[in-house]
Amino acid sequence: MGRLAPTILTLAALAAVGKGQTSNLVFQYIAQGQSGATQVAPFGTIIFPSSVIGKSTSVTFLGLNQGTASTALTQASISGPGFAMSGLPVNAFIAPGGSVQTLITFTPTSQGASTGTLTLTFQTGNNPPVTDVFVLSGTALASTFVLSYIVNPGGNQTGITAGQELAFPNASVGGANTATFVVANQGNGQGTLNAVTSSGPPFSVLGLPLLPASIDAQKELRFTIQFQPLVSGAASGSLKLDLGGSTITIVLSGKAVGANLTYNFTVGGNTSSLTPGQTLALGGAQVGSVTSVTVSVVNTGDAAGQVGTMSVTPAVFTIIGAPALPATLAPQKSITFTVQYSPTTSGTVTGQLQIDNALFLLSATALGAQFALTAQIADIVTFVANNAPINFPNTVVGGHIAATIDVSNTGNQPLTVSNIAVSGADFVGSSYPALPMVLQPGKDLTFNITFTPDTLGIRAGTLQIDGRTFPLQGSGNAPPPVPAVQFSGVPTQANPLQQPTISLKIAQPYAYDISGQLTLTFSSASFADDPAIQFATGGRTVNFTIPANSTNATFGSSSAMPFQTGTVSGTIAFTPILMVANVNVTPAPAPTTTVQIPSGPPQILSVRLGAQSTTSFELLVSGYAATRQVSNIQLQFNPTTGAPLKTSSLSVDASSAFNTWYQSTTSQQYGSQFTVSITIVVNGSITDVQSVTATVANSVGTSSAVSVNLR
């Protein structure tokens, strides 16, 4: 810190007095092969592209004057192995906005990184000279090959050089030993493996890539050398590698020795020898139990032998306790393992035990019951494996198809069947035998499963027999089109307050049961519904059935369904929906029939007396107006005998009152029915009035006259 303080003070002083024009040098370089410039400050590093020994790379160095005064390059020097520059104009002036440049080359003479310096001295006016130093950095690339090998399996990696020996372990005649050969490039540049060849009949090269092959820095290439002797005794050969034009020779050596493998089997404490091709009998075993035989492989030869593979088939036989393979047997040494027999089904089983090229036949007997299931649909009988599905043919919804299920004991001991259950809405079991049932060997039991799909598509269920589960599968197909729907007994027009009937049928008998629903809808001519328009059973829907192979619809126990016509004019429509099970088979468009409730003049249903006094009486006129409109009520007073009446008739304007009534929500529950109260005040003797006759009128017409007696 003590030495930095004067420098800082000096710079500060220079800054204080430097008020004239100055230069402002900016430095850049462009590396070979690059299009853009890289800015570098004094004491920064100029990085050259990597090269190989003896070949040059370069950068173009530029100094740019971005100041206001010219400056002079007074000195320039370069140092460092392999670095050189050309074209730099020493003592040249660099005007404001001008530049100076030089080409610097790097030609490495040795592998690895090289550094140097570029030193430039500039002077601006009378200012002290300024020296800028730049660090030069380049790298020389070269490959460095290191050879090694690994004796398989599990050998250590061992380095090897030209002229050294790669010795293989002794190999059995007809056997093979291998070594993995490793060519590693530990340099910093790419190298090339041009060729690999081997000599000597027992030696061969395996797993080579397409040559020549490039090996990047710090990468490696591996291949295999195999020693496979066909005759006993020592063998020699060589391995030649062309690495980047240089040939390296490796000596190969190995020895072939002989082995003699024999085979012993121990069953029930008795040991015997067998030769390949003979049969080993394991005896009988209960289904679900395990029996075993001990196998020994002994090398009785004078050289090491090898067991490379062993296998056993079928799956009821398994190998237990086998050594890791391949296993090498020294002379007079052996390996031992166990072959287990675990039967799952009864009967005689044969198999094979294979030890390398030695094949032994196996035989055993499994004791136990054997469950077997078949399904017969029509004339086709199918064996069904445990837990496998039972497939039913595609069946029309509304129809059915039955399968006869046969459970048999194909084993050699009794089989007990305790429970049979069928689930799934579309599947029904029947004709079950009494359970539990014991099936002796060769005996069976049968029952039925019926598939009745109630909707389209895949349907599923389950057959459970004790612990065994068999999926049930089938598909519901669309029923055939329903014949034309016909209506009968229904009038095309009906008056209010009637109860006609409607009947329904199809044109021809249909093969499947049809269930349906008949819907009544009402379209009012006066924009007001009439809840009294409904079926006699209540509501506006009613269910019906058409049994298979018939034509007439049945509503409960009747073939005709009454309905009420109400009191409002409009159109009553009947539309059926027909279903086979859960599939809609209604013809399209849906069949419809209509009943017209005509408009007409109001109708009086009754005229009654209400409250009475000595000077007045109340008339109650009840009726209906199908158009829901009443304009006038006409009253005719009839005198008692001999009594004169000053007023014999009276016209009542009822438009406002009836409009108010029919527009109210209360009136809607009564359709067009009404009861109107009219109070008559008598000026004179009320006894002079014998009776009153009433008519009701609207824009369509006038009702029939209805009278009521006061006396």
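Anything mentioned here points back to the structure above.
Definitions and limits used
Residues numbered from 1 in each chain as written. Predicted model: local features only at pLDDT ≥ 70, side-chain atom pairs only at ≥ 80, totals over all residues. Heavy atoms only, no water. Pairing = 2+ DSSP bridges. Helix = DSSP H or I, 4+ residues; strand = E, 2+ residues; numbered from the N terminus. Axes fitted to C-alpha atoms, helices over the stretch in contact; angles between N-to-C directions. Core = buried A, V, L, I, M, F, W, Y, C linked by side-chain atoms within 4.5 Å. Buried < 20%, exposed > 50% of the residue type's maximum accessible area, 1.4 Å probe, protein only. Contact = heavy atoms within 4.5 Å. Phe/Tyr/Trp six-rings, centres within 6.5 Å; stacked < 30°, edge-to-face > 60°. Lys NZ or Arg CZ within 6 Å of the ring centre and 35° of its normal. 1 Å grid on protein atoms, 1.4 Å probe; cavity = no way out; pocket = protein on both sides within 12 Å on 5 of 7 lines; lining within 4 Å. Points joined across faces, edges and corners; volume = space filled by probe spheres on them.

**Observations concerning the sheet that holds strand β35 (residues 380-384)**
Pairing within the open sheet is antiparallel, and its five strands lie in the order β35-β34-β38-β43-β41. Of all the strands in the sheet, just β35 and β41 (427-430) have a single pairing partner and so form its edges. Adjacent strand axes in the sheet meet at a mean angle of 25 degrees, parallel and antiparallel pairs treated alike. Direction of pairing for β41 relative to strand β43 (residues 444-451): antiparallel, over a ladder of four bridges. Following the sheet pairing, S430 is matched in β43 by N448.

**Some points on unusual backbone geometry**
Of note, the bond from L325 into P326 is cis; its omega dihedral lies within 30 degrees of zero at 0 degrees. Structurally, the position occupied by P326 is in the loop between β29 (317-320) and β30 (327-329). Cis geometry is adopted by the peptide bond preceding P589, which originates at A588 and carries an omega value of -5 degrees. When you line up the elements, P589 lands in the loop between β52 (583-584) and β53 (593-597). Non-glycine residue F43 carries a positive phi angle of around 70 degrees.

**Examining the nonpolar core**
Formed by 32 residues in total, the largest nonpolar core has its most connected members in F535, F563, I572 and F574. Put simply, the parts of the chain that give this core at least two residues each are β47 (501-506), β48 (514-524), β49 (541-546), β51 (570-580) and β53. Apart from residues no more than four positions distant in its own chain, F535 is found in contact with I502, L518, L520, R540, T541, V542, M561, P562, F563 and F574.

**Some words on the sheet that holds strand β13 (residues 157-160)**
Here we have five strands laid out as an open sheet, ordered β13-β12-β16-β20-β18, and antiparallel in their pairing. Edge strands, defined here as strands with exactly one partner in the open sheet, are β13 and β18 (203-206). The average angle at which neighbouring strand axes cross in this sheet is 30 degrees, direction not considered. Bridging between strand β12 (residues 145-151) and β13 involves four bridges; their strand directions are antiparallel. Looking across to β13, one finds that I150 is bridged to Q157.

**With respect to the packing of aromatic side chains**
Scanning the model with the defined rule gives 26 aromatic pairs in all. Plain terms: the ring middles of F27 and F61 are 5.8 Å apart, the flat faces sit at 20 degrees to each other, and that makes the pair stacked. Of the two residues, F27 sits in strand β1 (residues 25-31) while F61 sits in strand β5 (residues 57-65), which places them 34 residues apart along the sequence. As far as burial versus exposure is concerned, F27 and F61 are alike and both buried. With centroids separated by 6.0 Å and ring planes inclined at 40 degrees, the aromatic side chains of F658 and Y662 adopt a geometry described as tilted. Of this pair, F658 and Y662 both sit in helix α2 (residues 655-662), four residues apart, which is roughly one turn of the helix. Since its relative accessible area comes to 4%, F658 is described here as buried. Residue classification places Y662 among the buried positions, given a relative accessible area of 7%. Grouped by ring-pair contacts, the aromatic residues F27, F61, F122 and F134 constitute a single cluster. It is R468 that lies over the ring of F371; its NZ or CZ is 4.0 Å from the centre.

**Notes on the layout of surface pockets**
Take a probe with the size of a water molecule and roll it over the atoms, and the empty space left behind shows itself. Of the pockets and cavities examined, the second largest pocket occupies roughly 530 Å³. Along the walls of the second largest pocket sit 23 residues, with S172, G175, A176, N177 and Q306 positioned nearest its centre. Within the residue set of the lining of the second largest pocket, elements represented by two or more residues are β15 (171-172), β16 (177-185) and β27 (305-307). Per-element tally for the lining of the second largest pocket: the top contributor is β27, with three residues.

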